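Summary of structural features
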Amino acid sequence: MIKVIAHRGSKGTHPENTLPAFQEAIDVQADGIELDVQLTRDGQLVVIHDEKINRTTNAKGWVKELTLAEIKELDAGSWFSENYKETRIPTLEEVLELLNHNQFSGLLNIELKTDRIEYLGIEQKVLRALEQADLSCTVVLSSFNRDTVRRLKALNDTYEKAFIAFGNKNDLAWLSKQPDIHSFHPDIRWLRRHIDQTTDIETIRPWTVNKEKEMQFCIKHQLAGMFTDFPKKALEVRDHG
Ligand code: G3P
Ligand code: MG
């Protein structure tokens, strides 16, 4: 059965990539959780989507130019709703702790946000954090950056690796030449037009699947998973039509 994966936590109903958003995903019994990681100036893994803090906090600047202590000062909840005032940007370690605390045994997709900034050594750091966490969930590591995907593959054989793409012929050609990468995370808008080009790919999980029509498309094509901002709704569509 297709897995419903909460995109940046339950992004539609909670401030994205925060502990309340991940807790909500667990509470609604999403099959999986997706999050994005970047590195602070002092080399700490933090869970945030944008390279800048502008959109999702009360301040401005680049993640890579702030220390973890400075990042921890930020309010990452008020922009979404006053109810989440003072919610902090979590470290990857804090999210892994939350998952363990809840005995989460679903799928955890960690996206390495290296498509605009290289973040030297981020692959090793993510792998180390996972080693130390002793998780009971299934981990999938992904990136838009082909070098990151290749590096992850070279460094580690345990976890599934996935290539994320907006989708075009180049992406598919590259993927077909990677003997060890069998998972593709494309843009749902592209996939709906080009599903016939993906028949050779073992595992497909598109993003961001928020409309019921898109959910039905993914279910009909028996895809492995779908990333959605509304996991509760997606579960209803999948389980009750
Ligand atoms: O990993 C799937 C999806 O999260 C990729 O897009 O921009 O939401 O990280 P984005
Ligand atoms: Mg992502």
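The protein has the name GP-PDE domain-containing protein in an unreviewed UniProt entry, where Vagococcus bubulae is given as its organism.

The subject of this paragraph is the coordination of the magnesium ion (ligand 2). Distances from the magnesium ion (ligand 2) to its protein donors, Glu-34 (OE), Asp-36 (OD) and Glu-111 (OE), fall within 1.9 to 2.1 Å. One chain supplies every donor for the magnesium ion (ligand 2), spaced along it as E-x1-D-x74-E. Of this pair, Asp-36 sits in strand S2 (residues 32-39) while Glu-111 is found in strand S4 (residues 107-112), placing the two residues 75 residues apart along the sequence.

Moving on: the site of ligand 1. The immediate surroundings of ligand 1 are formed by His-7, Arg-8, Glu-34, Asp-36, His-49, Glu-111, Lys-113, Phe-144, Ile-164 and Trp-207. Measuring from an oxygen atom of ligand 1, one finds a side-chain N or O atom of Arg-8 at 2.8 Å. For ligand 1, an oxygen atom lies 3.2 Å from a polar atom in the side chain of Asp-36. Within the shell around ligand 1, the residues separate by chemical class into three nonpolar, two polar and five charged.

Backbone torsion omega between Trp-207 and Thr-208 reads -20°, so that peptide bond is classified as cis. With respect to the helices, strands and loops of the structure, Thr-208 is situated in the loop between strand S8 (203-204) and helix H8 (212-220). A positive phi angle, near 65°, is found at Gln-29, a position not held by glycine. Structurally, Gln-29 is set in the loop between helix H1 (19-27) and S2. The backbone phi angle of Gln-222 is positive, close to 50°, even though this residue is not glycine. You can see Gln-222 is positioned in the loop between H8 and strand S9 (225-228).

Glancing now at the pattern of salt bridges. Throughout the structure, instances matching the rule amount to 18 salt bridges. Arg-55 is paired through a salt bridge with Asp-50; the nearest N and O atoms lie 2.8 Å apart. Look at Arg-55 and you get partly exposed, because its relative accessible area is 36%. Residues participating in the shared-partner salt-bridge network are Arg-8, Glu-16, Asp-50 and Arg-55.

To continue, consider the pairing of S9. For a regular strand, the rule is simple: side chains alternate between the two faces of the sheet. Side chains Gly-225 and Phe-227 project from S9 onto one buried face, and the interleaved Met-226 and Thr-228 project onto a second face that is buried too. Both strand S1 (residues 3-6) and S9 contribute to a ladder of four bridges, which runs parallel. Note that in S9 the partner of Ala-6 across the bridge is Thr-228.

Now for helix H5 (residues 146-155). All of the buried residues in H5 are Thr-148, Val-149 and Leu-152. For H5, the angular spread of the buried residues around the axis is 100°, confining them to a single face. As for H5, its buried residues are in contact with S4, helix H4 (122-133), strand S5 (138-143), strand S6 (160-165) and helix H6 (169-176).

What counts as what
- Residues numbered from 1 in each chain as written.
- Chains lettered and ligands numbered in written order.
- Predicted model: local features only at pLDDT ≥ 70, side-chain atom pairs only at ≥ 80, totals over all residues.
- Heavy atoms only, no water.
- Donors = N, O, S within 2.8 Å, 3.2 Å for Na, K, Ca; no water.
- Helix = DSSP H or I, 4+ residues; strand = E, 2+ residues; numbered from the N terminus.
- Near = heavy atom within 4 Å.
- Polar contact = N/O pair within 3.5 Å; in protein donor to acceptor, adjacent residues only side chain to side chain.
- Nonpolar A, V, L, I, M, F, W, Y, C, P; charged D, E, K, R; others polar.
- Salt bridge = Lys/Arg side-chain N within 4 Å of Asp/Glu carboxyl O.
- Buried < 20%, exposed > 50% of the residue type's maximum accessible area, 1.4 Å probe, protein only.
- Pairing = 2+ DSSP bridges.
- Arc of directions from axis to C-beta.
- Contact = heavy atoms within 4.5 Å.

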